[in-house]
Amino acid sequence: MARITLQNIYKRYSNTEKKWFSKKKSPNDFAVKNLSFACKDKAFIGILGPSGCGKSTTLRMIAGLEKITAGEMFIDDVCINELLPKDRNIGLAFEDYALYPPLSVYDNLTFNLKAKKMPADEIKKAIDKVAPLLKVDELLSMKPSALSGGQKQRVNIARAIVRQPGVLLLDEPLSHLDGKMRQTLRQEIKRMHHEIECTTIIVTHDQIEAMSLADVIIIMKDGELQQMGTPLEVYDQPVNEFVAGFIGEPPMNLIPSVMVKTAEGFFFTFEGSDVRIKVPEQYYGVVSDTMAITLGVRPVDVLITDNPTSTPVPVAVYENFGDERRISVRLGRELLTITTAEDVYYKHGDSIHLAFNSEKTHLFDRETGLNITRNTG
């Protein structure tokens, strides 16, 4: 069993750790602020966010490499705040591999096991189990200098799991690899997780990496939790503008709009543009006669229609990616992106008519950035 629970965790880097916490202190003093979440046993968790958001600091606190400034952290029902890293039953793989250059792959894998004075026959059994799992069984006699980046990362992860930890922590494990190797190793990490049945937490700034690997995603910004949910939940139901714009490739369109009431109903209007798009009726309960919001709609949910009654807009950019086409148009000063799998072609200046998938639009409060449509019908 390896359940992980964080309760109101703070981290501040300071030369005076003992005088760390005061409610009078600015929240900007903290690398991690009031962070709480729980991971189920054998779950695969992704901690996602931009550089400097506190995700790696959070991972290092779980590992015991950083001291917690405030709050409590548990593995199962044991508080680990003061527990030494070696006593936490955690395996950790960093992005920079950290292999011992003079040692063979085999000796790198067995280094910690030998330090614990594990019997030789048990060490062999552990290597025989883990090496094929990460496809490093043919590399055991080689030195790290002879390995590719992908091979080094496989060895790095194998070394973390060979001691059979209750928790596996992966800190940006794919960041140094090229695109094809990243995809291959992503698939192998996912397969490995199912086979070893170990609670796994991966830290990454790559949303594709997080969404393809993790069962649950934790999104952070400026040291604070923004949203926790399944990949589908954070994609389809973002709690705020930050999550909406951070998740998705290409990202969600976030367009300032004023919703106005006419005899035909409510319409989205855009500064500097004659385009009006009908507001879905399920939002009428939260709409006033003239309401300024930020409209969120994913590129795949912007539809090109043959409806001649809508105002046409000229194509600004057309891109063909083989499996999809991306079309960008201007709504006043804002650029709106559309993606489609249909085999269509447009040139700059062509006129098209737009509509939105009414069930996939979001309204965000201009001041708070919060999604104001999450609780509507």
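Per chain, the residues get numbers from 1 upward, laid out in the order the sequence is written. Per-residue local features are limited, in this predicted model, to residues with pLDDT of at least 70; the limit for side-chain atom pairs, both in listing and counting, is 80 or more; totals at the level of whole chains, interfaces and linings are taken over all residues. Hydrogens and waters are ignored; side-chain quantities use all the structure's heavy atoms.

Undergrad: Break down helix α3 (residues 120–133) for me, citing the residues and quoting the values.
TA: Only runs of H or I of at least four residues qualify as helices and only runs of E of at least two qualify as strands under DSSP, and these elements are numbered from the N terminus. Multiply 1.5 Å by the residue count of a helix minus one, and that product is the helix's expected span. Given a rise of 1.5 Å per residue, 14 residues ought to cover 20 Å, and the 20 Å separating the end C-alpha atoms of α3 matches this to within 8%. Elements that come into contact with the buried residues of α3 comprise α2 (105–115), α4 (149–161) and α5 (179–196). A positive backbone phi angle near 60° is found at K135, which sits one or two residues after α3. Whether two residues are in contact is decided by their heavy atoms, any of which lying within 4.5 Å being enough.

Undergrad: Break down unusual backbone geometry for me, with residues and values.
TA: In the segment running from E249 into P250, the intervening peptide bond is cis, with an omega of 0°. With respect to the helices and strands, the residue P250 is situated in the loop between α8 (241–246) and β11 (253–262). Here the phi dihedral of K42 falls at roughly 70°; this positive angle occurs in a residue that is not glycine. Relative to the helices and strands, K42 is located in the loop between β2 (32–39) and β3 (44–48). Given the relative accessible area of 40%, K42 is considered partly exposed. Even without being a glycine, D222 presents a positive backbone phi close to 50°. Think of it in three bands: with a 1.4 Å probe and only protein chains considered, a residue is buried below 20% of the maximum accessible area for its type, exposed above 50%, and partly exposed in between.

Undergrad: Which residues make up the packing of aromatic side chains, and what values do they have?
TA: Aromatic rings from Phe, Tyr and Trp, taking only the six-membered ring of Trp, are treated as a pair when their centres fall within 6.5 Å; an angle between ring planes under 30 degrees marks them as stacked, one over 60 as edge-to-face, and anything in between as tilted. Scanning the model with the defined rule gives six aromatic pairs in all. Geometrically, the ring pair formed by F266 and Y284 is edge-to-face, given 5.0 Å between the ring centres and 70° between the ring planes. One end of the pair, F266, is in strand β12 (residues 265–269); the other, Y284, is in the loop between β13 (276–278) and β14 (290–297), with 18 residues separating them in the sequence. Their ring planes at 55° and their centres at 6.3 Å tell us that F268 and F356 sit as a pair that is tilted. Linking F268 in strand β12 with F356 in strand β19 (residues 351–356), this pair joins segments that are 88 residues apart in sequence. The exposure classification of F268 matches that of F356, with both residues buried. Charges are assigned to positions over rings by a cutoff of 6 Å between ring centre and Lys NZ or Arg CZ, combined with an angular limit of 35 degrees from the ring normal. Against the face of Y235 rests R298, its NZ or CZ located 3.9 Å from the ring centre.

Undergrad: Describe the sheet that holds strand β18 (residues 334–340), and please don't skip the residues or the numbers.
TA: The criterion for strand pairing is that DSSP finds at least two bridges linking the strands in question. In spatial order, the strands read β15-β19-β16-β17-β18; together these five strands make up an open sheet with antiparallel pairing. The outermost strands of the open sheet, each flanked by one partner alone, are β15 (302–305) and β18. If you compare each strand with its neighbour and ignore which way they point, the axes differ by 45° on average. Two elements, strand β17 (residues 325–331) and β18, share seven bridges in a ladder whose sense is antiparallel. By the bridge assignment for β18, R325 is matched with T340. Axis lines are fitted through C-alpha atoms, for helices just across the contact stretch, and the angle between N-to-C directions can take any value from 0 to 180 degrees.

Undergrad: Describe the environment of G296, listing the residues and the values that go with them.
TA: If you trace the backbone, G296 turns up in strand β14. The buried category is assigned to G296, whose relative accessible area is 0%. Here the alpha-carbon distance between G296 and I327, two residues 31 residues apart in the chain, equals 17 Å.

Undergrad: Describe in detail the pairing of β18, supporting the description with residues and values.
TA: Of all seven residues in β18, five are buried; the element is thus mostly enclosed. The turn joining β17 and β18, which pair antiparallel and follow one another in sequence, is formed by two residues; a positive phi near 65° is taken by G332.

Undergrad: Describe in detail the environment of I45, supporting the description with residues and values.
TA: By the secondary structure assignment, I45 is in strand β3. With residues near it in sequence (within four places) discarded, I45 still touches C39, T200, I201, I202, A214, V216 and I218.

Undergrad: Describe in detail the nonpolar core, supporting the description with residues and values.
TA: Here the nonpolar core consists of buried residues drawn from Ala, Val, Leu, Ile, Met, Phe, Trp, Tyr and Cys, with membership extended through side-chain atoms lying within 4.5 Å. In terms of nonpolar packing, the biggest core is built from 44 residues, with L109, L134, V136, I189 and M192 touching the most fellow members. Take this core: its biggest share by element is six residues, from α3. In contact with M192, other than residues within four places in its own chain, are L133, L134, I157, I161 and L168. Of all hydrophobic cores here, the second largest spans 28 residues; its members include I255, I293, Y318 and L336.

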